[in-house]
Amino acid sequence: MRGQLNTMVRLGRFSGTLAVFVFLLYVVQTFLPGPTISPFLRFGMFSEKQEPTDSLQVIQLSVNGQLLNPTMFSIHEWDNLTGPFYQRYRENSQSFLPLQIRQKMIDKFQLDSSRWPKEKFLTTRNDALFLQTALQQIERITQQPVSSLEVSFQSYRFQDSLIPLGQAKPFLRYERGK
Amino acid sequence: MNEVNDMRRNWTGVYVGFVLVSLIWRSITHNWLHQLLPVSFAETINLNIWVMRWSGWIEFLVSHRSACIAFDILFYAANMLLPLLALRKNINALIILLLVLNWVAVDTYATAGINSQESLITYYFVPLIFLQARTAQWLIIPLFLRLLFLWFFCSTGFWKLFRGSLFSIDQMSTIFLQQHKDLLALAPQALMSRVYWWFIQHKAISQSLFIIVSLAEMSFVLGFFSFRFDRLFFWLYCLFILLDLFFMRILFWETIPFAMVLLYSSQVKAGLKSAH
């Protein structure tokens, strides 16, 4: 590798040195804690150790009385349908990582928490706007007007198959005209 | 230096072609930024993205749809027109602006929908090839991109080693469960559900797959010592993208123009010989 780095510097003293410096910075930041600063990324790709899970939360999305499932849509359509609701659901949980990081930074650097309200770390602040654009997105993907929408989250236990645990937890309900 | 000029032209053509394909794909699948915001925000632990939110940039795009549409058009137009213009004349100042635009655009796109910064990494770095310089000096760019790409990919394998996930029998089966829980719960009889269930139930086989892929990722470290394996690495990477799509339902095809630096190694080496 040193040969390749030396070659870059030989080809252009300033630009080559800059390129080497940026590359080494990229390598170093891979190991630093804390948030990434793009374009320096940390590509983990499922490297974080996964512990076997006791339960899973799965979305149940009913549009006009019909429960949707992934086989009805392409990969990105299903992700775009369900992603916003999963995101909003996670933001309400204690384990939402950006809020945990916020609290760590406030504790570590003695920051004024009122200057860093939780809303700054959330993405879906406005309920009405969220619902309006969610409906538009659903109508575009399902190709039908939405007269009713029910979103809930069902817990499942994993034991050779997914076994529902109790009732689904309601999350959002909408009916046109109500 | 003809090889280097040919490489530059070829790579520019590939890049513009990919941008065009991306534009068409996003149009068909309704994945333009203005079609995703504000519903599909993603949870990303990245300082730039947080600064964009705090500055009000995301909120501005959300509240001004026409500005968001203009931003989308600007991103695609710039990434198709400026590379072609750069083949004819020195527009280095505009290319620097393109890099800044792409930096903002990728981070903005990464807040929405199925996008991630990693899947759009091409736009951060590959436009460097549109800069004009003396041929010898220009060769720094593909050398730099090559090192970046090799590190980008081999580090994912090393992370699996350092974090211990390589040695956990439950790793891959748990990943399958988490990644495909919607399909497994809502359509358990679907063909792909049954395929994923098989891998979840056969932990040793799924973990073996994880280990093999991780070793393949780590093998890219050899590229720091030799150009010999570059073509093999490129095709391995394409295989990885296909496996990612099949096993993880993740779309990573927009990284291919970045990986293509590995296909141009012989031209780079020829250029280095001429430069000396």
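Bear in mind the structure is a predicted one, so any value in this text is a computation, not a measurement.

1. Quick word on the overall build of chain B
The secondary structure content of chain B amounts to 16 helices and zero strands. Based on the C-alpha atoms only, the size of chain B along its principal axes is roughly 60 × 50 × 30 Å. Per-residue burial over chain B gives 59% buried out of 276 residues. Long-range contacts, defined as pairs at least 24 residues apart, comprise 76% of the intrachain contacts of chain B with a sequence gap of at least 6. Of the roughly 10,900 Å² of accessible surface on chain B, 68% is carried by carbon and sulfur atoms.

2. A closer look at unusual backbone geometry
Residues and elements named next belong to chain A. Along the chain, serine 38 connects to proline 39 via a cis peptide bond; the corresponding omega equals 10 degrees. Within the secondary structure, proline 39 is located in the loop between α2 (13-29) and β1 (55-63). For glutamine 110, which is not glycine, the phi torsion reads 55 degrees and is therefore positive. Summarising the element assignment, glutamine 110 is placed in the loop between α4 (97-109) and α5 (127-142). Using a relative accessible area of 67% as the deciding quantity, one classes glutamine 110 as exposed.

3. Topic: the interface of chain B and chain A
By a widespread convention, an interface's size corresponds to the accessible area lost as its parts come together. Contacts between the two partners involve 87 residues from chain B, matched on the other side by 77 residues from chain A. Here chain B and chain A share an interface that buries about 7,200 Å² over both sides, 68% of which is from carbon and sulfur atoms. Where chain B touches chain A, the interface holds 21 residue pairs in polar contact (both at pLDDT 80 or more). Per-element accounting of the side of chain B that touches chain A gives the leading share, 14 residues, to helix α9 (residues 140-162) of chain B. Across the side of chain B that touches chain A, the residue classes break down as 50 nonpolar, 23 polar and 14 charged.

4. Things to note about the sheet that holds β1(A)
All names here are of chain A. The strand order β2-β1-β3-β4 describes an open sheet built from four strands, whose pairing is antiparallel. Across the chains shown, the open sheet's two edge strands, defined by having one partner strand only, are β2 (66-67) and β4 (162-175). Alignment of β1 against strand β3 (residues 148-158), held across nine bridges, turns out to be antiparallel. Bridge pairing links glutamine 57 to serine 155 in β3.

5. Examining the pairing of β4(A)
All names here are of chain A. Pairing between β3 and β4: 10 bridges, direction antiparallel. Paired with serine 148 across the two strands is glutamate 175, which belongs to β4. In this antiparallel pair of consecutive strands, β3 and β4, the connection spans three residues, and aspartate 160 shows a positive phi of 70 degrees.

6. Section: the packing of aromatic side chains
All names here are of chain B. Tallied over the entire structure, the rule returns 50 aromatic pairs over all chains. A ring pair is formed by tryptophan 11 and tyrosine 264, whose centres lie 5.1 Å apart and whose planes are at 40 degrees; its orientation type is tilted. One end of the pair, tryptophan 11, is in helix α1 (residues 2-29); the other, tyrosine 264, is in the loop between α15 (256-259) and α16 (265-275), with 253 residues separating them in the sequence. Its end group placed over the ring of phenylalanine 227, arginine 146 keeps NZ or CZ at 4.0 Å from the ring centre. When the ring centre of tryptophan 159 is taken as reference, the NZ or CZ atom of arginine 163 above it lies at 4.7 Å.

7. A look at helix α5 (residues 65-86) of chain B
Residues and elements named next belong to chain B. Its 22 residues place the ends of α5 31 Å apart at the C-alpha level, agreeing with the 32 Å of an ideal helix rising 1.5 Å per residue. When the local axis directions of α5 are compared, the greatest deviation, roughly 30 degrees, occurs at alanine 78. Those residues of α5 lying buried are Cys68, Phe71, Asp72, Phe75, Tyr76, Ala78, Asn79, Met80, Leu82, Pro83 and Ala86. Residues of α5 that are buried in the fold lie against α1, α2 (33-36), α4 (57-63), α6 (92-109) and α7 (121-125).

8. Considering α2(A)
Taking 1.5 Å per residue, 17 residues should reach 24 Å; α2(A) reaches 24 Å between its end C-alpha atoms and fits that length. Along α2(A), the residues that are buried comprise Gly16(A), Ala19(A), Val20(A), Phe23(A), Tyr26(A), Val27(A) and Gln29(A). Each element contacted by the buried residues of α2(A) is listed here: α1 (2-11) of chain A together with α7 and α9 of chain B.

Cut-offs and rules
Residues numbered from 1 in each chain as written. Chains lettered and ligands numbered in written order. Predicted model: local features only at pLDDT ≥ 70, side-chain atom pairs only at ≥ 80, totals over all residues. Heavy atoms only, no water. Helix = DSSP H or I, 4+ residues; strand = E, 2+ residues; numbered from the N terminus. Buried < 20%, exposed > 50% of the residue type's maximum accessible area, 1.4 Å probe, protein only. Contact = heavy atoms within 4.5 Å. Areas by Shrake-Rupley, 256 points an atom, 1.4 Å probe, with all protein chains shown as cover. Buried area = accessible area lost by both parts, 1.4 Å probe. Polar contact = N/O pair within 3.5 Å; in protein donor to acceptor, adjacent residues only side chain to side chain. Nonpolar A, V, L, I, M, F, W, Y, C, P; charged D, E, K, R; others polar. Pairing = 2+ DSSP bridges. Phe/Tyr/Trp six-rings, centres within 6.5 Å; stacked < 30°, edge-to-face > 60°. Lys NZ or Arg CZ within 6 Å of the ring centre and 35° of its normal. Expected span 1.5 Å × (residues − 1). Bend = angle between axes of the 7 residues up to and from the residue.

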